[in-house]
Amino acid sequence: MKAVVFDFNGTLYNDTRFHIAAWTNFFRRRGIEMSETEVRAKCIGPGNIDIFRAHLSPDLSMNEMKRLSEDKEREYRAVAGSKEEYHALVPGTEDMLNALKAREIPFALATASPIENVEFYLNTLGLNRWFSLKNVVYDDDTLACKPAPDFYLEAMRRLGVSPEETVIVEDSVTGLLSARNAKAGRIVMRDETVPVDFLNAQADIYAIIHDFTNFDSFLGDLRMKG
């Protein structure tokens, strides 16, 4: 393994509750009531466009879907940015990213978030210590969203590595499918979003982790490029 590509939401950042709150309010304003369980099952993992098509209308124009997405993500950022305590990354993340950087192991983010959220992550959460737009693949309407492999394949292309050389770290079923479709050499799953019993039943998952505090073990046999 020569590189790592991370999902962000629910993987490096425990923001599932913020997205659930944003989606709940988003749908409620449109006369649709969803329980937390329903929102978690239907809206955590897929891209916004897929969610709109499934739960509002399959015939929405791209301009309308963009407006709806901006509305939902604006509410999400308002919640996530409302308290300093909400800005913390998953325990161990900072040490792990510093270790990857020190060992010159390339890494990237592949997130279905729009550019406005990515800028929030870089500037408000401090991700700019390790990431720039060069190593963040985000939703700019040019790539098919997860579970398609496009986000991960683009991240690998930018890092100059092949799928079999890449560790993908995910938290959702949609992300797991995307990692499989990208033919990642190794898949690591956080137990934030999906029940551990389900994860344990997946033969192709290399490791299941709760956080990144044991980052030496997580890095395992990663080697510098070259």
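Residues numbered from 1 in each chain as written. Predicted model: local features only at pLDDT ≥ 70, side-chain atom pairs only at ≥ 80, totals over all residues. Heavy atoms only, no water.

### Brief notes about the overall build of the protein
Worth spelling out the cut-off: Secondary structure elements follow DSSP: runs of H or I of four or more residues count as helices, runs of E of two or more count as strands, with numbering from the N terminus. Between the two quantities, the radius of gyration covers C-alpha atoms and the globule rule is 2.2 Å times the number of residues to the power 0.38. Contacts between residues were defined by any pair of non-hydrogen atoms, one from each residue, lying within 4.5 Å. Each accessible area value is a Shrake-Rupley result obtained with a 1.4 Å probe; residue values ignore everything except the protein chains displayed when judging cover.
Helix and strand content of the protein: ten helices and six strands. Against the 2.2 N^0.38 benchmark of 17 Å for 226 residues, the protein shows a C-alpha radius of gyration of 17 Å, consistent with a compact globule. Structurally, the protein occupies a C-alpha span of about 55 × 35 × 35 Å along its principal axes. For the protein, contacts bridging at least 24 residues in sequence account for 65% of all contacts bridging at least 6. Carbon and sulfur atoms provide 49% of the accessible area of the protein, an area that totals close to 10,500 Å².

### Section: a nonpolar patch on the surface
Condition: For patch building, the residue pool is restricted to those with more than 30% relative accessible area and no salt bridge; the joining distance is 9 Å between like charges and 5 Å between nonpolar side chains (Val, Leu, Ile, Met, Phe, Trp, Tyr). Within this document, salt bridges are pairs made up of a side-chain nitrogen of Lys or Arg and a carboxyl oxygen of Asp or Glu, the two lying within 4 Å of each other. Whether a residue is buried, partly exposed or exposed follows from its accessible area with a 1.4 Å probe, protein chains only, as a fraction of its type maximum: under 20%, in between, or over 50%, in that order.
A surface patch of nonpolar side chains, amounting to about 210 Å² of accessible area, comprises Val173, Leu177 and Phe198. By relative accessible area, which is 36% here, valine 173 ends up partly exposed.

### Here we look at unusual backbone geometry
Cis rather than trans, the peptide bond between lysine 146 and proline 147 has omega equal to 20°. Tracing the backbone shows proline 147 in the loop between strand S3 (136-137) and helix H7 (150-159). Of note in the backbone geometry, glutamate 104 takes a positive phi value of approximately 60° without being a glycine. Mapped onto the fold, glutamate 104 is located in the loop between helix H5 (93-102) and strand S2 (107-110). The class of glutamate 104 is exposed, set by a relative accessible area of 59%. With a phi angle near 60°, lysine 183 is a residue other than glycine that sits in the positive phi range. Assignment of secondary structure puts lysine 183 in the loop between helix H8 (173-181) and strand S5 (186-190).

### Structural notes on the packing of aromatic side chains
Each pair of aromatic rings is reported with the distance of its centres and the angle of its planes. Stated precisely, the cut-off is as follows: Note on ring pairs: Phe, Tyr and Trp rings are taken, using the six-membered ring of Trp, and paired if centres are within 6.5 Å. Classes follow the plane angle, with under 30 degrees stacked, over 60 edge-to-face and the rest tilted.
Going through the model one piece at a time under the given rule, you end up with 13 aromatic pairs. Ring centres 5.6 Å apart and planes at 20° place the aromatic pair tryptophan 23 and phenylalanine 27 in the stacked group. Taken together, the residues tryptophan 23 and phenylalanine 27, both in helix H1 (residues 16-28) and four residues apart, mark about one turn of the helix. For tryptophan 23, a relative accessible area of 1% puts it in the buried group. On the accessibility criterion, phenylalanine 27 (0% relative accessible area) is buried.

### Focus: the sheet that holds S5
Quick note on the threshold: Only when DSSP finds a minimum of two bridges between them are two strands counted as paired. Note on geometry: axes are C-alpha line fits, over the in-contact stretch for helices, and angles between N-to-C directions span 0 to 180 degrees.
Strand order across the open sheet formed by six strands is S3-S2-S1-S4-S5-S6, with parallel pairing between neighbours. One side of each edge strand has no neighbouring strand; the edge strands of this open sheet are S3 and strand S6 (207-209). With three bridges connecting them, strand S1 (residues 3-6) and S2 associate as parallel partners. Bridging from a neighbouring strand, phenylalanine 6 pairs with leucine 109 of S2. Most of the contacts of H5 go to S1, to which it runs at about 145°, and overall it touches S1 and S2.

### Here we look at the pairing of S1
Residues Ala3 and Val5 point to one face of S1 and Val4 and Phe6 to the other, with burial holding for every one of them. Sheet topology places S1 next to strand S4 (residues 166-170); four bridges connect them, and they run parallel. By the bridge assignment for S4, phenylalanine 6 is matched with valine 169.

### So, H8
Among all positions in H8, only Thr174, Gly175, Leu176, Ser178 and Ala179 are buried. Packing partners of the buried residues in H8 comprise H7, S4, S5 and helix H9 (196-200). Looking one or two places after H8, you find lysine 183, whose phi comes out positive at around 60°.

### Considering the nonpolar core
Keep this limit in mind: Working definition of a nonpolar core: buried Ala, Val, Leu, Ile, Met, Phe, Trp, Tyr and Cys residues. They are joined through side-chain atoms within 4.5 Å.
Counting 34 residues, the largest nonpolar core has Phe6, Phe8, Tyr13, Leu127 and Phe131 as its most contacted members. Listed by contribution, the elements that provide at least two residues to this core are S1, H1, helix H4 (62-80), H5, S2, helix H6 (115-123) and S4. Core analysis: the next-biggest nonpolar cluster, separate from the first, contains 22 residues, Val137, Tyr152, Ala184 and Ile205 among them.

In short, the description is geometric, and any link to function would need to be established separately.
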